[in-house]
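Each chain, written out:
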Amino acid sequence: MKRVIATADRAASVSLKLLVAFNVLFFLSFLIVALLAAGRAHAQTPVCSGADMLSALQKDNPDTYRKIETEAAATPNGKGLLWKLEKAGEKPSWLFGTMHMTDPRVTTLPPAAQTAYDAADTIIIETTEVLDKQKMMAAMLNEPDLMMFTDNTTLSSLLSPDDAAVVNKALDARGIPPGSVSKMKPWLLSAMVALPVCEVARQAGGTPVLDVKLAQDAMASGKTVEGLETVAGQLRAMASLPLAFHMKGLVDTLKLGDRINDVNETMIVLYLNGDTGMFWPLFRAILPGDGDDAAGYAAFDQTMITSRNQVMADHAGPILARGNAFMAVGAMHLPGAQGLVEDFRKAGYTVTAVR
């Protein structure tokens, strides 16, 4: 593990960022599992494993770890998952950062968040379309080019022979015939391979990610459930990023192999600690000095996080005005000068972290 961090291993750094990327859009893993894994029999869900890479960094490279801590501490609103939203004339509401996974440690809400959720009249998630698989798939079929290559392009035609061999071998190891996904856009396939096998198996077996669980439980208890975006809109944003960026992420993630378990565990540990401001400092610390990578992830951050933050804040406004709402969106949307916490402050709310 020391070698991984000290040498800024390329596959590890790209895959860490890619896992964050697809935690920004929880429906992507839901969709890819529905397409590829639905109907598979899982006699036994694989046991999740993995080591916390940040702990190894703290032990083996304390100077770099302190640098990450310092940068994270300077990130506005970089600590905490639950935030109270207050505005004169409205009942208080709540903003909660989620992780789009099925891990029981993630799907068990912290006590304060559970109390706020139980008392809320309205639950807000990123998109309610994922709650109706048929409706979601129908919407996707209206724009097939968001999911599939509709011309003569295939995934292998975009890869060098060496990279094609890596991809095919890795897909075979996961039980995915390469020919079955040859026309699939890389961001959809990446959504699956950026997750550990145990996570894919749980989702394929019907275990909901946290956001979906919150919405399903809310509907079962008679609460109102609202969404902020459409699946097609999110996919259009993803598709707007350079194809080369997506292909690079797919190949590098597949090269990581079973070490994706370490990536996953690191993400969960950061999340459970509420260290949302530490995600990007960690990635920057282990990122090789590749300007193209830096530019690609800057574009990702602007397109998939910052721009969507404003859309979500705008759409949430009328819902929050009714008061007593619990808004649950990916934790990556909360921190930073252009994060949702600051967006709501700009909208006139007093926003306070609940420890």
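### Digging into the packing of aromatic side chains
(1) Moving on: A complete count under the given rule lists 3 aromatic pairs for this structure.
(2) Moving on: Considering the side-chain rings of tyrosine 117 and phenylalanine 326, the 5.5 Å spacing of their centres and the 85 degrees angle between planes classify their relative orientation as edge-to-face. Of the two residues, tyrosine 117 sits in helix α7 (residues 111–119) while phenylalanine 326 sits in strand β5 (residues 325–330), which places them 209 residues apart along the sequence.
(3) Moving on: Take phenylalanine 326: its relative accessible area is 0%, and that puts it in the buried class.
(4) Moving on: Residues phenylalanine 344 and tyrosine 349 carry aromatic rings whose centres are separated by 6.0 Å and whose planes lie at 85 degrees to one another, so their mutual orientation is edge-to-face.
(5) Moving on: Phenylalanine 344 sits in the buried class, given a relative accessible area of 1%.
(6) Moving on: Aromatic ring contacts, followed pair by pair, group Phe96, Tyr117 and Phe326 into a single cluster.
(7) Moving on: The ring centre of tyrosine 349 lies 4.2 Å from the NZ or CZ of lysine 87, which sits over that ring.

### Concerning the nonpolar core
The nonpolar side chains of a soluble globular protein tend to be buried, and buried together.
(1) Moving on: In terms of nonpolar packing, the biggest core is built from 75 residues, with Phe96, Tyr271 and Phe326 touching the most fellow members.
(2) Moving on: Setting aside chain neighbours within four positions, we find tyrosine 271 in contact with Leu81, Phe96, Gly97, Thr98, Met99, Val106, Leu210, Phe279 and Ala331.
(3) Moving on: The next biggest cluster of nonpolar side chains, apart from the first, holds 19 residues, and it includes Trp83, Leu320, Leu334 and Val351.

### Observations concerning the side chain of threonine 98
(1) Moving on: You can see threonine 98 is positioned in strand β2 (residues 93–98).
(2) Moving on: Only 3.5 Å separates the side chain of threonine 98 from the backbone nitrogen of glycine 330, close enough to count as a polar contact.

### Considerations on the pattern of salt bridges
(1) Moving on: Applying the stated criterion to the full structure yields 13 salt bridges.
(2) Moving on: Here lysine 84 makes a salt bridge to glutamate 86, at a shortest N to O gap of 3.8 Å.
(3) Moving on: On the basis of relative accessibility, which here comes to 26%, the residue lysine 84 falls in the partly exposed class.
(4) Moving on: Overall, glutamate 86 belongs to the partly exposed group, its relative accessible area being 30%.

### What to know about helix α11 (residues 197–204)
(1) Moving on: Counting buried positions along α11 yields 7 of 8 residues, so the element is predominantly enclosed.
(2) Moving on: Residues of α11 that are buried: Cys198, Glu199, Val200, Ala201, Arg202, Gln203 and Ala204.
(3) Moving on: Looking one or two residues beyond α11, the residue adopting positive phi is glycine 206, at roughly 105 degrees.

### Brief notes about the sheet that holds β5
Adjacent strands of a sheet form backbone hydrogen bonds with each other and so pair up, either parallel or antiparallel.
(1) Moving on: Judged by pairing direction, the sheet is mixed, and its 6 strands sit side by side in the order β4-β3-β5-β2-β1-β6 without closing on themselves. The open sheet terminates on both sides in strands that have one partner only, identified here as β4 (224–227) and β6 (350–353). For this sheet, the mean inter-axis angle between neighbouring strands, taken without regard to orientation, is 20 degrees.
(2) Moving on: Taken together, the 4 bridges between strand β3 (residues 122–125) and β4 define a ladder with parallel strand orientation.

### Side note on the state of the cysteines
(1) Moving on: For the structure shown, the criterion picks out 1 disulfide.
(2) Moving on: For cysteine 48, the disulfide goes to cysteine 198, at an S-S distance of 2.0 Å. Taking the torsion about the sulfur-sulfur bond, which here is approximately 110 degrees, the covalent link between cysteine 48 and cysteine 198 counts as right-handed. With a gap of 150 residues between them, cysteine 48 in the loop between α3 (26–36) and α4 (53–60) and cysteine 198 in helix α11 connect regions that are remote in the sequence.
(3) Moving on: By relative accessible area, cysteine 48 is classed as partly exposed at 29%.

What counts as what
- Residues numbered from 1 in each chain as written.
- Predicted model: local features only at pLDDT ≥ 70, side-chain atom pairs only at ≥ 80, totals over all residues.
- Heavy atoms only, no water.
- Phe/Tyr/Trp six-rings, centres within 6.5 Å; stacked < 30°, edge-to-face > 60°.
- Helix = DSSP H or I, 4+ residues; strand = E, 2+ residues; numbered from the N terminus.
- Buried < 20%, exposed > 50% of the residue type's maximum accessible area, 1.4 Å probe, protein only.
- Lys NZ or Arg CZ within 6 Å of the ring centre and 35° of its normal.
- Core = buried A, V, L, I, M, F, W, Y, C linked by side-chain atoms within 4.5 Å.
- Contact = heavy atoms within 4.5 Å.
- Polar contact = N/O pair within 3.5 Å; in protein donor to acceptor, adjacent residues only side chain to side chain.
- Salt bridge = Lys/Arg side-chain N within 4 Å of Asp/Glu carboxyl O.
- Pairing = 2+ DSSP bridges.
- Axes fitted to C-alpha atoms, helices over the stretch in contact; angles between N-to-C directions.
- Disulfide = S-S within 2.5 Å.

What is shown is where atoms sit, not what they do.
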